[in-house]
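Analysis of the macromolecular model
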Amino acid sequence: MDEKLSKKLRILADAAKYDASCSSSGAPKRKSDPDGLGSTVGTGICHAYTPDGRCVSLLKILLTNYCLFDCAYCVNRRSSNVKRAKFSVDEVVTLTVEFYKRNYIEGLFLSSGIIRSPDYTMEQMILVAKKLRRDHGFRGYIHLKTIPEASPWLIEEAGLWADRLSINLELPTEKSLEQLAPEKDGASIETAMAQMSERIEEAREERRHFSPAGQTTQMIVGADETTDADVLRKSATLYGHYAMKRVYYSAFSPIPDSSAILPLKSPPLMRENRLYQADWLLRYYGFDVDEIASSAEKGMLDLDVDPKLAWALKNRHRFPVDVNRAEREMLLRVPGLGARAVDKIVVARKHTTLRLEDVARLTSGLKRAKPFLITADHHPKARLDKLDLRERLIEKPEQLSLFV
Amino acid sequence: MTLHRITLKTGADLHGFRKAVRWLIAEELAPQHVMFAVDDAPGLFGDETVAIAPPVAIPKGVSRLIEQVVCHSDPERYALLYSLVWRVQNGERELLEVASDPLVHRIDLMARSVRRDLHKMHAFVRFRRMGGHELERFAAWFEPEHFILEAAAPFFVDRFRSMDWTILTPIGSARWDRHELAFGPPRRREDAPDEDSFEEGWRGYYESIFNPARVNPTAMRAEMPKKYWRNMPETAAIPGLIQTAAQRVERMIEQEATMPAKRTPERAIEAMWDQEPKTLEELNAIIAKAGPLVPGATQAVFGEGPHHAEIVFVGEQPGDQEDLQGRPFVGPAGKLLTQAMREAGIEREQVYLTNAVKHFKFEQRGHRRIHAKPTTGEVKHYRPWLMKELELVRPKLIVALGATAVLALSGKATPITRSRGRATFGPYQGYITVHPSYLLRLPDEATKREAYEAFLGDLRRIHDLAQADLETGELRLAAE
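So, here is what we can say about the structure in this document. All figures in this text were calculated on a predicted structure; none of them were measured in a lab.

1. Side note on the sheet that holds strand β13 (residues 421-425) of chain B
All names here are of chain B. A sheet is described by the order of its strands in space; here five strands give the open sequence β9-β8-β12-β14-β13, paired in mixed fashion. Each of the sheet's edge strands pairs with one partner strand only, and the pair in question is β9 (352-355) and β13. Direction aside, neighbouring strands of the sheet carry axes that sit 30° apart on average. Strand direction decides the pairing type here: strand β12 (residues 397-401) and strand β14 (residues 428-433), joined by five bridges, are parallel. Looking at β14, one finds that Ala400 is bridged to Ile432. Docked against the sheet, helix α17 (residues 445-467) engages β8 (311-315), β12, β13 and β14, running at close to 170° with respect to β14.

Written out as structure tokens, the structure is:
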């Protein structure tokens, strides 16, 4: 691979890494043509993991990190002194195809800084996708970042070539957007999200290709003052109004040459993790935002225990729950029991009466579940009301590298 | 009772196991009387001769589980699977539903381990281009944990069908020559190429996409266990990345914010917002460049007429003739429209004619290109262009010809029969009537004439409406 291209790749991958999403899931299953290249497998594949524990599934790059916008949280804002580079359309196509042939990646996740105009930038990104699909018969995964400031017809075009579209809201409130991202506007972001969601839904009904893996978005956590409860409320709205496949949370992380107006500290990774857990409770466990918010202190999730446990500790009167009798909905609310474990319990108990050791084979979270659960041979009795229950269930934090 | 020794071949001997199970079940031999051994040279130690026995009807879930678990590297796998089959055949038909049962649990863990190894093989195989071949050929060396080569290969066929590739492993090899998949003997690491010209670039990507502020090697190792590392070129970067992470973050935090080295590009920023097309020519150039958003079409067919016409007629989509000539309303329906306009006193040259969808969507049947109705979603793909087009023409009145035009103009589907007549489309005064092609499709002359008269009536009202001063709302209409 040519040296110049290698250098650009380093710059434009470095510039893309603050986007949390790398998922290649949700596309309909495809196989390659006799002359073409690529397939999709539904759940997606992670081809490697970096030492931050993150999955490398797609070639996640920017077309360019030159940008006319000046979003304070962003490493690529125009006032930053980072190194800049720009790929040509053909360079991105070559990298994608050659990396794909070596089985490094599932496909491409292309985003870009805004150059010349939002329309021009978006057109270049669409051109990459079009060339991959048309000139190379590429059937792998393509995720395109949509630029909400671009003309609406470009969204119509992008969805025909991409498997997934996304617009990052980045900041959950209009006020924060105004302060930290002067060129962005919450209303036009949501207009574009609505347009995509409507078109995705129509195409699904008509069995046509338009961003079949849906749309996603991302919010940065810790760059502004928004509370967890407000972040989650925003998420609930986004899931409800625009049928988001996922809302990603990205702990605000120190960036090279950062802006003077932002907090410079380690990223709030635990907070990010708790938000993801709460997000899952909203989507798969039948919780609503207010229930989660009510067990948060001043709108912030408990960092020591997971949000389901936090809710259970504040709602002890709803427990203990009998694993052999309780409704599925209530089992889902037991700390330490995941949705899959609950499904197995519900099926298994038709044939047998579950004891504690049986439950232990179905979940790895038995320690957390035990005080809230009745089995054939176990009843927590008064233990549930003990004041030190929370302390006893706190996961011992892993030794921080700082103290080593 | 004696112990029956069954010997199976090394690897995932599904065939041998299946044959053995049939015989064992037919002979009613309980698991405690059976012993499974794995050997490539059976028959040496006085093994049981397995006779042909009829198939055993076992639940689908169980046979699927067997297919996976025979791939496991644990020598005990066959004995465990036979215990499962025995119990299922002897009164516990729904045993798999009891996920908490110790045997089911153990076999499930084994199946999961096999599936995980398969998934990791799909993920972690790294092809290298082989030298000395004119056509591209690729090869990879991989060390799976279980006997999964044959189960894993179809994935690579589906994905790299046009590539010539070989996967070499210590348990066998697979070769795809663009036509056929063939399995061969075990191979050695040295048989695969030891480099590839894209690996350095890939390693550079891997290093750059890593965020040192989030370093978490435990999470990485959970998903990418060390045993896979030696065959993945990017992992050479891992120790260095972990070692320097803390230092890199510290430097970022300590460094004070710098002043921008370049001045603010005021003019470029202002120009960036000036991206909207300002003329129909500019808009049409954008449409032409985008290409069709529906299947079919040789070219885009743009609107036609004076740029600030008082009336805009919106049809459905260009037809066969329009597509060939590149002009709207020149086919049979267009001719009928032109004739009706003339009779109603509307000059075709004075109005602007366009379509909701700018490309001819068709299905090829033999030599004929058959018109295909655009779906709701397809009509909406074209809607932003239509809206911009109308904004540039700024007509007094918009005429929707047929249901597709109504959908495009209003954003929702409305039947013509109920909405025919005056309408509003966003900020515009509108009028809804049928599409002239509807008149052509009517079967008998009498209905055709009747419908044509009604259409003429609509056009006359449209003519009058356009004459009236719509802006002040004062309508001087002869017909009303």
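2. As for unusual backbone geometry
Backbone geometry follows two general trends: most residues other than glycine have a negative phi, and most peptide bonds adopt the trans configuration. Here the bond from Phe319 of chain A into Pro320 of chain A is cis, since omega is 0°, no more than 30 degrees from zero. Unlike most non-glycine residues, Asp257 of chain A shows phi in positive territory, near 50°. Counting through the fold element by element, Asp257 of chain A comes out in the loop between β8 (246-251) and α8 (269-284). The buried category is assigned to Asp257 of chain A, whose relative accessible area is 9%. Notably, Ala297 of chain B is not glycine yet its phi reads approximately 70°, a positive angle. Looking at where Ala297 of chain B falls in the secondary structure, it is placed in the loop between α10 (280-290) and β8.

3. Digging into the interface of chain B and chain A
Chain B puts 92 residues into the contact, and the matching count from chain A is 98 residues. Of the roughly 7800 Å² buried at the junction of chain B and chain A (both faces included), carbon and sulfur atoms supply 59%. When the area that chain B buries against chain A is broken down by residue, the three leading residues are Arg159, Phe198 and Arg214 of chain B, summing to 11%. Counting the contacts that link chain B with chain A gives ten salt bridges. Across the pair Glu198 of chain A and Lys380 of chain B runs a salt bridge whose closest N-O atoms are separated by 2.9 Å. Across the contact surface, chain B and chain A share 46 residue pairs in polar contact (both at pLDDT 80 or more). Every element with two or more residues in the side of chain B that touches chain A is listed here: α4 (102-124), α5 (149-159), α6 (199-209), α7 (217-223), α8 (238-254), α9 (266-272), α10 and α13 (376-393) of chain B. Taken together, the residues of the side of chain B that touches chain A break down into 49 nonpolar, 20 polar and 23 charged.

4. Quick notes on the side chain of Ser197 of chain A
Mapping Ser197 of chain A onto the fold places it in helix α6 (residues 186-206). Given the relative accessible area of 15%, Ser197 of chain A is considered buried.

5. Digging into the pairing of strand β10 (residues 362-365) of chain B
Residue and element names in this part refer to chain B. Both β10 and strand β11 (residues 368-371) contribute to a ladder of four bridges, which runs antiparallel. From the neighbouring strand, Gln364 faces β11, where its bridge partner is Arg369. Turn length for the β10-β11 hairpin, with the two strands adjacent in sequence and antiparallel, is two residues, and the turn residue Gly366 shows positive phi of about 65°.

Each value, and the rule that gives it
- Residues numbered from 1 in each chain as written.
- Chains lettered and ligands numbered in written order.
- Predicted model: local features only at pLDDT ≥ 70, side-chain atom pairs only at ≥ 80, totals over all residues.
- Heavy atoms only, no water.
- Pairing = 2+ DSSP bridges.
- Helix = DSSP H or I, 4+ residues; strand = E, 2+ residues; numbered from the N terminus.
- Axes fitted to C-alpha atoms, helices over the stretch in contact; angles between N-to-C directions.
- Contact = heavy atoms within 4.5 Å.
- Buried < 20%, exposed > 50% of the residue type's maximum accessible area, 1.4 Å probe, protein only.
- Buried area = accessible area lost by both parts, 1.4 Å probe.
- Salt bridge = Lys/Arg side-chain N within 4 Å of Asp/Glu carboxyl O.
- Polar contact = N/O pair within 3.5 Å; in protein donor to acceptor, adjacent residues only side chain to side chain.
- Nonpolar A, V, L, I, M, F, W, Y, C, P; charged D, E, K, R; others polar.

By themselves, these figures tell us nothing about what the structure is for.
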